[in-house]
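# Understanding the architecture of this molecule
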Amino acid sequence: MTALIDILGSAGLWAAVLRIATPLILGTLGALLSERSGVLNLGIEGIMTFGAMIGWLAVYNGAGLWTGLLVAALSGAIFGLLHAALTVTLGLSQHVSGLGVTLFASSFAYYAFRLMVPVAGTPPTIVPFQPLDIPFLSSLPFFGQAFFTQTAPTYMAILLAVLLAYLIARTPVGLAIRMTGENPHAAEAQGINPMTIRYGAVVAGSALMGVGGAFLTLSAFNSFFPTMVQGRGWICIALVVFASWRPERALFGALLFALFDGFQLRLQTVLSGVVPYQIFLMIPYLLSIAALAVMARRARVPQALMQPYRRGER
Amino acid sequence: MRFERREHRSTALVIAAPLIAVAGAFAITGILIAIAGAPVFEAYWRILTGAFGSRLSATETLTRATPLILTGLAAAVAFRARLWNIGGEGQFYLGAIAVAAASAHIARGLPSLVQIPLLFVVGAAAGMLLLLLPLWLRLRFSVDEVVTTLLLNFVALLFVSMLIDGVLKDPAAFGWPQSEAVDAAARLPKLLARSRLHIGLGLAVAIAFIVYFVQSRTVFGLQSRAAGLNPSGAAFAGVPLARTLVIVAMISGGLAGLAGAIEVLGVKGYVTNDLSPGYGYSGIVVAMLANLNPLGVVLAALFTAVMFVGADGMSRSMGIPTYIADVTVALSLLSMLIAVFFTQYRIRR
């Protein structure tokens with residue numbers, strides 16, 4: 001019992017929580033934005049993988065870290081464009097198209113990585129983002145170490161969650177996105193083009209997913225290896241439901257999830273040898289499933305989610 | 001650009017669609033091969049000879065196609081009824097480990113004719129169980145099964161890894177995490193001597209024909225299709241939706257579990273963490289390439305196996321990453337989706 005309290009009281013845990021949460025926050029916001037306009041994007045897992053690869057590759061070849069993030073965002077946007085073309089223009093099944101994008105983006109990422117970086121005993125590394133030293137705050141006892149030793153992209157992700165919450169709830173663009181996700185026919189009657197809105201939301205959302213992936217290679221770690229995304233994309237899709245499609249709750253959900261994850265990582269070292277480590281690794285996935293079961297009924301699903309919109313068809 | 005539904009789907013178009021789709025995928029892959037600095041046509045030629053050039057490679061391709069037929073059928077059956085079972089990979093592994101456990105501890109010593117069918121049932125049942133949980137969550141709590149089946153893949157793989165590193169670990173494996181070998185009587189007979197090809201291939205093809213028959217000629221086949229096309233309409237017409245979905249899930253999960261069982265009994269004889277190079281996920285592609293047709297699944301599985309086995313050989317000799325096979329297969333899926341769309345719609349001028 002005291003071991004548990006020790007873990008919760010360590011500043012290292014809370015610093016890890018914010019670090020673990022960052023890619024989840026970015027991915028969840030991306031998926032959420034897209035789903036609010038009515039398009040489920042299961043391309044997320046592959047888009048995050050590709051973003052992780054291309055962002056890292058850019059920096060490895062001499063680009064700056066922020067340029068790396070930008071490249072990852074652009075790559076995400078391109079895959080988003082592909083998903084939008086298939087699901088919005090052609091109105092194909094969003095499930096199947098998204099899975100196709102994931103398979104394509106991840107295998108393309110592995111192919112490009114193998115082609116550009118020869119096989120080596122130890123994977124090549126880059127110098128990742130360093131913790132931002134905030135005057136006064138970072139030097140606070142406990143709090144400084146727990147909450148203010150993050151890298152810049154983490155603060156950016158939290159800021160983005162707040163901005164996206166404002167955008168969706170309070171601006172005309174947000175209203176147009178929500179309307180398109182609830183009832184595209186009504187949106188069109190209001191002079192909004194549902195196609196344009198959906199394209200915009202899917203492309204912008206996919207760019208966020210790309211950045212979320214790149215955080216893994218440019219800040220959390222310093223190298224890329226296949227399968228490193230490890231289902232984080234699917235967890236983001238579950239978090240969107242848990243968040244009931246609201247950005248502020250997505251931020252909360254990602255942090256809560258990361259708390260459990262950071263906690264189990266530390267518990268693992270305490271209980272190593274007693275409990276197989278695989279049990280701990282299962283926890284994040286089981287937790288996501290449990291969260292879905294609890295929240296799915298209560299969550300307010302965008303009414304036109306997964307329904308293709310064809311002008312003049314009912 | 002606007003589209004209108006075709007009044008009439010010509011047979012020629014339906015047959016041409018997958019061919020055009022695969023050609024498109026090859027064209028794009030060609031660009032990637034060219035970027036890698038290799039001669040494109042030679043690379044394709046090497047893929048073909050790598051998959052069929054010798055007795056060894058041809059039997060290897062057929063061996064690889066066997067689990068793909070079964071996981072492809074698992075996906076096709078489920079998708080027909082709009083049950084999005086993306087958990088084939090986890091079900092495959094659970095079927096495999098169940099067979100390894102049952103053979104090592106329960107069925108050991110039974111004659112082949114009893115033991116093999118018994119182990120098939122065990123493997124299929126394990127796959128079924130893993131799919132029934134997401135289905136229950138969908139029916140009871142309206143949780144989208146795509147996400148739950150995807151997440152359960154990771155859980156199942158970790159579970160298997162735990163067992164083969166723990167209670168089921170082979171003490172004679174020099175510390176490697178792998179299960180004890182199955183009983184010699186449980187190994188599937190070979191189809192061809194001096195090869196890895198086993199009778200699982202014949203079984204998989206026979207199952208494809210059975211699934212085809214069930215889907216096109218029985219009441220249940222009609223009900224499962226109706227449940228997928230229009231659930232409320234089907235319910236109105238008296239189709240028991242929940243019951244239909246449960247049976248579909250049992251068939252789908254069972255086939256994926258059986259694929260794992262057959263892979264263990266036919267090829268390896270024991271379970272490792274890399275028993276499947278993504279057979280569950282590739283099964284989804286196989287099903288989509290076949291446009292969910294059970295007989296088409298056999299051809300699509302063969303195509304996918306050719307790509308994977310052929311690319312292995314090509315990559316060794318030409319220095320192109322093997323991932324090129326995954327890229328081609330994924331591109332084939334995407335272009336197939338587009339091709340199928342244009343058999344149903346045309347661009348309005």
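Residues numbered from 1 in each chain as written. Chains lettered and ligands numbered in written order. Predicted model: local features only at pLDDT ≥ 70, side-chain atom pairs only at ≥ 80, totals over all residues. Heavy atoms only, no water.

## Notes on the overall build of chain B
Within chain B one finds 13 helices and two strands. Projecting the C-alpha coordinates of chain B onto the three principal axes gives extents of approximately 70 × 60 × 30 Å. In chain B, buried positions account for 55% of the 349 residues. Put simply, of all contacts in chain B between residues at least 6 apart along the chain, 76% involve residues at least 24 apart. Total accessible area computed for chain B in this model is approximately 14700 Å², and 68% of it derives from carbon and sulfur atoms. Across chain B, the 25 positively charged side chains and the 15 negatively charged ones have centroids separated by 11 Å. (Helix = DSSP H or I, 4+ residues; strand = E, 2+ residues; numbered from the N terminus. Buried < 20%, exposed > 50% of the residue type's maximum accessible area, 1.4 Å probe, protein only. Contact = heavy atoms within 4.5 Å. Areas by Shrake-Rupley, 256 points an atom, 1.4 Å probe, with all protein chains shown as cover. Lys, Arg positive; Asp, Glu negative; His and termini not counted. Charge placed at Lys NZ, Arg CZ, Asp CG, Glu CD.)

## What about the interface of chain B and chain A?
Taken together, the 44 residues of chain B in the interface contact 44 residues of chain A. Across the chain B-chain A interface, the total number found is zero salt bridges. Where chain B meets chain A, there are four residue pairs in polar contact (both at pLDDT 80 or more). By residue class, the composition of the side of chain B that touches chain A is 36 nonpolar, three polar and five charged. (Salt bridge = Lys/Arg side-chain N within 4 Å of Asp/Glu carboxyl O. Polar contact = N/O pair within 3.5 Å; in protein donor to acceptor, adjacent residues only side chain to side chain. Nonpolar A, V, L, I, M, F, W, Y, C, P; charged D, E, K, R; others polar.)

## Details of helix H1 (residues 11–35) of chain B
The end-to-end C-alpha distance of H1(B), which contains 25 residues, comes to 37 Å, matching closely the 36 Å that a straight helix rising 1.5 Å per residue would cover. The principal kink in H1(B), of about 30°, is found at B:Ala17, preceding the proline B:Pro18 by one to four residues. Taken together, the buried residues of H1(B) touch helix H5 (94–116) of chain A together with helix H2 (40–52), helix H12 (294–318) and helix H13 (323–344) of chain B. (Expected span 1.5 Å × (residues − 1). Bend = angle between axes of the 7 residues up to and from the residue.)

## Details of the UniProt feature "transmembrane region" (unreviewed entry) in chain A
Within this numbering scheme, the UniProt entry marks residues 12–32, 39–59, 65–84, 96–113, 147–169, 199–218 and 279–296 of chain A as carrying the feature "transmembrane region" (unreviewed entry). For residues 39–59 of chain A, the end-to-end C-alpha separation is 32 Å, with 76% helix and 0% strand making up the annotated structure. (UniProt positions renumbered as here; feature names shortened; annotations may be inferred.)

## Details of the pattern of salt bridges
Residue and element names in this part refer to chain A. The full count for this structure, using the stated rule, is eight salt bridges over all chains. Notably, a salt bridge pairs Arg246 with Glu248, separated by 3.1 Å at the nearest N-O pair. Residue Glu248 is classed as partly exposed on the basis of its relative accessible area of 38%.

## Things to note about the environment of B:Gly238
Mapped onto the secondary structure, B:Gly238 falls in the loop between helix H9 (231–236) and helix H10 (241–268). The sequence separation of B:Gly238 and B:Gln223 amounts to 15 residues, and the corresponding C-alpha distance is 9.3 Å.

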